Amino acid sequence: MRAALVLETGQIFFGEALGSSGEAWGEVVFNTGMTGYQEILTDPSYAGQMVCMTYPLVGNYGINAGDNQSEKIQVQGFIVKEAALNPSHWQMEKNLSRALAQAGVVGIKGLDTRFLTRLIREHGTLKGAISTDLAQSLPVLARRLKAWEPPQDLVAQVSTQKIFSLPPLVPPSAPAATVEGSGVSSGLTVAVESETSGDSGASGRSTVSRESTVSEESTVSVWPRLFEEPGVSEEPGVSEEPGVSEEPGVFGEPGVSGEPGVSEEPGVYREPKVFGEPTASGESALPQGSKVPSGLESSLGAMASLGSEAGDDRKAPDPELGADPGGEPFHVVVMDFGIKGNILRAMQEKGFRLTVVPYSTSAEEILSFAPDGIFLSNGPGDPKVVTQGIATIRQLCGQRPIFGICLGHQLLTLALGGDTYKLKFGHRGGNQPVQDLLSEKVTITSQNHGYAVAGESLGSTPLQVTHRNLNDQTVEGVRHRELPLFSVQFHPEAGPGPSDSLYLFDKFAELMQQRRAQHAS
Ligand SMILES: NC(=O)CC[C@H](N)C(=O)O
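The numbering scheme is per chain: residues are counted from 1 as the chain's sequence reads. Predicted model: local features are reported for residues with pLDDT of at least 70 only, side-chain atom pairs are reported and counted for 80 or more only, and whole-chain, interface and lining totals are derived from all residues. Each side-chain value is worked out from all heavy atoms of the structure, with water and hydrogens disregarded.

**A short note on unusual backbone geometry**
Residue P496 follows G495 across a cis peptide bond; omega there is 5°. A helix here means a DSSP run of H or I that spans at least four residues, while a strand means a run of E at least two residues long, and both kinds are numbered starting from the N terminus. With respect to the secondary-structure elements, P496 resides in the loop between β23 (485-488) and α13 (503-520).

Here it is in structure tokens:
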């Protein structure tokens, strides 16, 4: 089935449908990772966005049960050059196309994703629509897109509605961990602690049960196997799209839709803009000088996470870090703005016990759990619209050690009087170099953000910059000058991406250890 990607500028790319048919609108962003597409698809930070993968072959190891970062595919749309028809991996359960179709997510393949990426780099992030309805007027669709205001309440859509607990992860050889006798085994299982009303305000929430009642709760998988379809046999390696031509260069036919070359709005769409016309060699024309992004780190990171999934290189919790010498695990309350599973896993593997709460939970309720520390998660959208979360974080500052990642970093900065702004096209990939200004050490980091902290806004705040991106000098980390609060813009938990920065979870543990020591004396 043919499909088109229409941009708000009026530019149109033709390709083949991938996944579900239909139409989806969103912000088109690009990710430079060579692997990690499943983690990207299921990362709630991508809610509302259509992700274009710059790497030309996507889907070659299929979709498995272990790499999900949340309970569903979160992207609005998915854009690839070539979708692997015969994926192969021992953990694979289905192919990319099947996973997208089952989730009702619209994708497109067969367009020149590197050229699309160059367009986004020039124009900045663009609104776009993927549609399999080529009978409509695509220029009209482009104009409707231009006038469209994307939804703002993305955090409310992806944050947990239930409070739940996660135990520390134990090495496979050791006895399974239990949460207060609940029998929760190691791995991504939870004790559901209480149900909330599901509305966005904290007021309607019933008083939640505390640690004493955790043992009575049942356990459920945090992320049930995605797209489970009893009775549907998966035949890895068999194309699910018989008859779809995979010849290079068949994409990009003009004129299938309602006059794509005719503009009624001068300046927006004048000439036929059809990308990916075949050349004599059958290769699509790529602008000269375009760099193929390096993504080796990403594939190494993905391999590490797969290894840990298989249980063969899972790190044991370090009793020196995950718990104080008395052995009680550090208890962290996680404010969930759209958390990625690997962040939870990274903290569990440090030996922390986690209580994950909805983003709208009040400071009072968070403190009632008597945590050792508070974690501020990643999440989708513009940090400035998460006003309730910012106000709560402001109240929590100084009460407990706080660590924030990505959206959590932006919210912490806003709570303390700093400012954020939208980047031209964001950082999304697994090879972003970041310098820790305190140690001068450089790590290669995994990133996924479209907004950033304005360094010049920090002068009047108690925050200082601790990390910078060496590509564009943007702020990548801050800390409070006096209080035990710090945050980073990048993703130290990897998955996908390098795990160079896992040490930051140790820093969080050190701050919680110091607080315990102060309170004991
Ligand atoms: N990964 C994230 O937490 C992203 C944060 C924020 N939504 C941004 O795009 O900048």
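**Description of the pattern of salt bridges**
Only one rule defines a salt bridge in this text: a Lys or Arg side-chain nitrogen within 4 Å of an Asp or Glu carboxyl oxygen. Tallying each qualifying case throughout the model produces 6 salt bridges. Across the salt bridge formed by K340 and E493, the nearest N and O atoms sit 2.9 Å from each other. Note that K340 is positioned in the loop between β15 (331-336) and α9 (341-349) and E493 in the loop between β23 and α13, a separation of 153 residues in sequence. Under the scheme applied here, a residue whose accessible area is under 20% of the maximum for its type counts as buried, over 50% as exposed, and between as partly exposed, the area being computed with a 1.4 Å probe on protein chains only. Judged by its relative accessible area of 2%, K340 falls in the buried class. Of the charged contacts, one joins K350 and D506 as a salt bridge, the two residues approaching to 2.8 Å between their closest N and O atoms. Note that K350 is positioned in the loop between α9 and β16 (353-358) and D506 in helix α13, a separation of 156 residues in sequence. For D506, a relative accessible area of 17% translates into the label buried.

**A word on the packing of aromatic side chains**
The geometry of an aromatic ring pair is captured by two quantities: the separation of the ring centres and the angle between the planes. Ring pairs are drawn from Phe, Tyr and Trp, using the six-membered ring of Trp, whenever the two centres fall within 6.5 Å, and their geometry is named by plane angle: stacked under 30 degrees, edge-to-face over 60, tilted for the rest. Scanning all chains against the criterion turns up 9 aromatic pairs. Here F375 and F403 contribute two aromatic rings whose centre-to-centre distance is 5.6 Å and whose plane-to-plane angle is 80°, an arrangement assigned as edge-to-face. Here F375 is found in strand β17 (residues 373-376), whereas its partner F403 is found in strand β18 (residues 402-405), with 28 residues between them in sequence. Residue F375 is classed as buried on the basis of its relative accessible area of 0%. Linked through ring pairs, F330, F352, F375, F403, F486, F505 and F508 together constitute an aromatic cluster. Against the face of Y503 rests K441, its NZ or CZ located 5.3 Å from the ring centre. Note on geometry: a ring has a charge over it if NZ (lysine) or CZ (arginine) is within 6 Å of the ring centre and within 35 degrees of the ring normal.

**Describing the environment of G389**
With respect to the helices and strands, the residue G389 is situated in helix α11 (residues 387-396). Between the alpha carbons of G389 and L376 there is a distance of 9.5 Å; along the sequence they are 13 residues apart. Sequence-distant contacts of G389, defined by excluding residues within four places in its chain, comprise F337 and Y359. Whether two residues are in contact is decided by their heavy atoms: any pair within 4.5 Å suffices.

**Regarding the nonpolar core**
Only buried residues count toward a nonpolar core, which is a set of Ala, Val, Leu, Ile, Met, Phe, Trp, Tyr and Cys residues joined through side-chain atoms within 4.5 Å. Judged by nonpolar contacts, the single largest core of 31 residues is most densely connected at M335, F337, L376, I393, I402 and L412. Secondary-structure elements contributing two or more residues to this core are β15, α10 (363-367), β17, α11, α12 (407-415), β21 (463-469) and β22 (475-480). The element that contributes the greatest number of residues to this core is α12, accounting for 5 residues. If sequence neighbours within four positions are ignored, L412 has contacts with L376, I393, C397, I402, L485, F486 and S487. I343, V356, L502 and M512 belong to the second-largest nonpolar core, a separate cluster that totals 28 residues.

**Remarks on the packing of α11 against α12**
Running from N to C, α11 and α12 cross one another at 70°; their axes reach a closest spacing of 8 Å. With respect to α12, the axis of α11 lies roughly perpendicular. Judged by the sense of rotation from one axis to the other, the crossing of α11 with α12 is right-handed. Where α11 approaches α12, its residues I390, I393 and R394 are matched on the opposing element by L411, L412, L414 and A415. When residue character is reported, Ala, Val, Leu, Ile, Met, Phe, Trp, Tyr, Cys and Pro are called nonpolar, Asp, Glu, Lys and Arg charged, and the others, Gly included, polar. Of the residues assigned to the contact of α11 with α12, the class counts are 6 nonpolar, no polar and 1 charged. Between the N-to-C directions of two axes lies an angle of 0 to 180 degrees, each axis being a line fitted to C-alpha atoms and, for a helix, fitted only over the stretch in contact. Roughly parallel here means an angle under 35 degrees, roughly antiparallel means over 145, roughly perpendicular means 65 to 115, and every remaining angle is called oblique. Left-handed describes a crossing in which the near helix is turned anticlockwise from the far one by less than a right angle; the clockwise case is right-handed.

**Some words on the pairing of strand β10 (residues 106-109)**
Covered by surrounding structure in β10 are V106 and I108 together with G107 and K109, the residues of both alternating faces. Strand direction decides the pairing type here: strand β2 (residues 12-19) and β10, joined by 4 bridges, are antiparallel. In the sheet register, E16 faces β10, and the bridge partner there is K109. By the bridge criterion, 4 bridges tie strand β7 (residues 77-80) to β10 in an arrangement that is parallel. Counterpart to G77 in the pairing with β10 is V106. Pairing between strands is defined by DSSP: at least two bridges between them are needed.

**A word on the pairing of β17**
In β17, alternate side chains face the same way, and those of G373 and F375 on one face and I374 and L376 on the other are all buried. Taken together, the 4 bridges between β15 and β17 define a ladder with parallel strand orientation. Residue V334 lies in a different strand from β17, and its bridge partner there is F375. Across 3 bridges, β17 lies against β18 in parallel orientation. Within the sheet, the bridge partner assigned to I374 lies in β18 and is I402.

**Some thoughts on the sheet that holds strand β4 (residues 49-53)**
If you trace the 7 strands once around the closed barrel, you get β1-β2-β10-β7-β4-β3-β11, paired in mixed fashion. The average angle at which neighbouring strand axes cross in this sheet is 35°, direction not considered. The pairing of strand β3 (residues 23-31) with strand β11 (residues 126-131) spans 6 bridges and is classified as antiparallel. Of the residues in β11, the one forming a bridge with E27 is K127. In the packing of helix α3 (residues 113-123) onto the sheet, the strands contacted are β1 (2-7), β2, β3, β4, β7 and β11, and the crossing angle to β3 comes to about 85°.

**Regarding α3**
Of the residues making up α3, those classed as buried are T113, L116, T117, L119 and I120. Projection of α3 onto a plane perpendicular to its axis shows the buried side chains occupying an angular sector of 155°, all on one side. In this structure D112 caps α3, since a side-chain oxygen of it lies 3.2 Å from the backbone nitrogen of R114. Of the residues flanking the end of α3, it is G124, one or two places downstream, whose phi is positive at about 95°. This arc corresponds to the set of directions leading from the helix axis out to the C-beta atoms. Throughout this description, a polar contact denotes any pair of N or O atoms lying within 3.5 Å of each other; where both atoms belong to protein, one of them has to be capable of donating a hydrogen while the other can accept it, and for residues adjacent in sequence the pair is counted only when both atoms sit in side chains.

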